[in-house]
Amino acid sequence: MLESIGVEADYRPKIEPAKVCEALAGFDGLIVRSKMRITADTLKYADNLKFVARAGAGVDNIDADALQERGIALIGANEGNRQAVGEFTLGLLISLMRNIVRGDMEVRNKVWLREENRGEEISGKTIGIIGYGNMGQSFAKVLSGFGCRILAYDRYAPEKITSPAENVTLEELQLEADIVSLHIPYIKDNLGFANEEFFRGFKKKIWFLNTSRGDVVNQEALVINLKEGSIKGAALDVLENEKLDTLTEQQLQIFNYLAQANNVILTPHIAGWTHESYVKINEVLVEKIKELL
């Protein structure tokens, strides 16, 4: 794809992170995935760099301020996997409210419980979407045929909120919502956004979904509210520490509760991870790089 727009690619999937700094000398652009962190130190020999592009959604592994100081453009590709995230979030919600995962495990163990697995319908519910960028909009779109009311809150770009969602304040969303789904990026202001105060603000018992970033949820507060019943169930595609062999003692206790709770669904950060999105992300990046150059 890069060659088709006149760009020569130097693909180094096995380069050690420590060697990236010196390797950037003379290059016009850099494309990274999520495992590579880009800091001011990484860029100190990048004498000709015009852009850094992230092949995925979110740019929290890249120091945007360091790029801005050097006049280097930052390119993301959130459009590439928004459909995947919208569909997956809907799948989590249906699985959670209809006890699909729990029912599957029970039947595999020859346990046949119908009444105990009676679920709830999306139709007639009020769904609160927090963050209305590409992912929040995609989730609203796939929900639009379910006969539910959709509320959206976005503190950075409220002007993006249009039909099928209603633009509301966070307080209004907390007053009305039966279901809450997070679609916000990980930035400093969003660290622990969903904390004890956040959960206490809801008038109703809620179903809670997070397919954004694990760091935006205070998992201890989530567990407290799950235990108290103010959260009916939770589906988490992301965790605050996804390297499960490095959990602290406190993180391990929280993880063990979530892993054993029958009203919690856990998946390994795969909301945007489809064969189609893998192609779309690269198509989006190449088009943006073409426009920039």
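The rules we used
Residues numbered from 1 in each chain as written. Predicted model: local features only at pLDDT ≥ 70, side-chain atom pairs only at ≥ 80, totals over all residues. Heavy atoms only, no water. Core = buried A, V, L, I, M, F, W, Y, C linked by side-chain atoms within 4.5 Å. Buried < 20%, exposed > 50% of the residue type's maximum accessible area, 1.4 Å probe, protein only. Helix = DSSP H or I, 4+ residues; strand = E, 2+ residues; numbered from the N terminus. Arc of directions from axis to C-beta. Patch = residues over 30% accessible without salt bridge, like charges linked within 9 Å, V, L, I, M, F, W, Y side chains within 5 Å. Areas by Shrake-Rupley, 256 points an atom, 1.4 Å probe, with all protein chains shown as cover. Salt bridge = Lys/Arg side-chain N within 4 Å of Asp/Glu carboxyl O. UniProt positions renumbered as here; feature names shortened; annotations may be inferred.

A. A look at the nonpolar core. The biggest cluster of nonpolar side chains holds 33 residues, and the ones touching the most others in it are I130, L182, F198, F208 and L222. The element that contributes the greatest number of residues to this core is helix α8 (residues 219–228), accounting for 4 residues. Counting residues in each nonpolar core, the second largest holds 23 residues, with L96, I122, V142 and I150 among its members.

B. Summary view of helix α4 (residues 100–108). Of all the residues in α4, the buried ones are R102, G103 and E106. End-on view of α4: buried residues confined to an arc of 95°, all on one side of the axis. Exposed side of α4, more than 90 degrees from the buried face: M105 and R108 are the residues found there. Once α4 finishes, K110 follows within two positions and takes phi at roughly 60°, a positive value.

C. Main features of a nonpolar patch on the surface. Judged by side-chain polarity, M1, Y278 and V279 come together as a nonpolar surface patch covering roughly 320 Å² of accessible area. Using a relative accessible area of 38% as the deciding quantity, one classes V279 as partly exposed.

D. Molecular detail of the UniProt feature "domain: D-isomer specific 2-hydroxyacid dehydrogenase NAD-binding" (unreviewed entry) in the protein. Under the UniProt annotation, the feature "domain: D-isomer specific 2-hydroxyacid dehydrogenase NAD-binding" (unreviewed entry) is placed at residues 90–271. Within residues 90–271, the helical portion is 34% and the strand portion 17%, while the C-alpha atoms at the span's ends are 10 Å from each other.

E. Region of the structure containing the UniProt feature "domain: D-isomer specific 2-hydroxyacid dehydrogenase catalytic" (unreviewed entry) in the protein. The UniProt record annotates "domain: D-isomer specific 2-hydroxyacid dehydrogenase catalytic" (unreviewed entry) at residues 6–292. A helix fraction of 35% and a strand fraction of 15% characterise residues 6–292, whose end C-alpha atoms lie 13 Å from each other.

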